[in-house]
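One letter stands for each residue in the lines below.
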Amino acid sequence: MAGPDTPILEIYVQPGESHLGVAACRLAHRAWLLRGITFFVPRLGIGAICHPMMPSCPPAQRTGMNVSAARRYVDFAIHDIASRLDSLGAVRGEVLVKLLAQTMF
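Residues numbered from 1 in each chain as written. Predicted model: local features only at pLDDT ≥ 70, side-chain atom pairs only at ≥ 80, totals over all residues. Heavy atoms only, no water.

## With respect to helix α3 (residues 74–87)
Here is step 1 of the chain: If you check α3, its first and last C-alpha atoms are 20 Å apart, about what 14 residues at 1.5 Å a residue would give, namely 20 Å.
Here is step 2 of the chain: Turning to α3, its buried residues are Ala 77, Asp 80, Ile 81, Ala 82 and Leu 85.
Here is step 3 of the chain: Downstream of α3 by a residue or two, Gly 89 has a phi angle that is positive, lying close to 100 degrees. (Helix = DSSP H or I, 4+ residues; strand = E, 2+ residues; numbered from the N terminus. Expected span 1.5 Å × (residues − 1). Buried < 20%, exposed > 50% of the residue type's maximum accessible area, 1.4 Å probe, protein only.)

## Thoughts on the environment of Met 65
Here is step 1 of the chain: Here Met 65 shows up in the loop between α1 (59–62) and α2 (67–70).
Here is step 2 of the chain: Overall, the relative accessible area of 23% leaves Met 65 in the partly exposed class.
Here is step 3 of the chain: Residues contacting Met 65, with those up to four places away along its chain left out, are Cys 57, Ala 70, Arg 72 and Tyr 73. (Contact = heavy atoms within 4.5 Å.)

## So, the pattern of salt bridges
Here is step 1 of the chain: In this structure the tally under the stated criterion is 4 salt bridges.
Here is step 2 of the chain: Across the pair Asp 86 and Arg 92 runs a salt bridge, and its minimum N-O distance is 2.6 Å.
Here is step 3 of the chain: The partly exposed category is assigned to Asp 86, whose relative accessible area is 34%.
Here is step 4 of the chain: With a relative accessible area of 53%, Arg 92 lands in the exposed category.
Here is step 5 of the chain: The network of salt bridges with common partners includes Arg 71, Asp 80 and Arg 84. (Salt bridge = Lys/Arg side-chain N within 4 Å of Asp/Glu carboxyl O.)

Encoded structure:
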C-alpha cells in the first residue's frame, strides 16, 4: 500500500478504452466525458473503469477484431472486465458497479 508521501499514478481513460488497476492508482476520465462504468472490489482493493462508446458489437465485426477496438463496445467491455476480475479472485456479488451517465439538458 502506498504511504502518505508516495505519489499515486493517475490513469485517464479515453473514449473506447478501459483499465483495471491492481496497484495503488487513481482511475479517472475527463470531466466532460461523463459516460462510463466503474467496478470496485473492496476486499481485493482493485478497481476498473471503462468508457465504451457504442452499445453492442455487430456480429459481422466480432471475428478478427482486436481487443482494444472491441473495448469501444459496452457488451465487450463489461464482459472483458468481469472476466479479468474473475481471474483475480473477485466474486461477482462483491463487485460494486456504478454507471456514470451524462445528463443532457
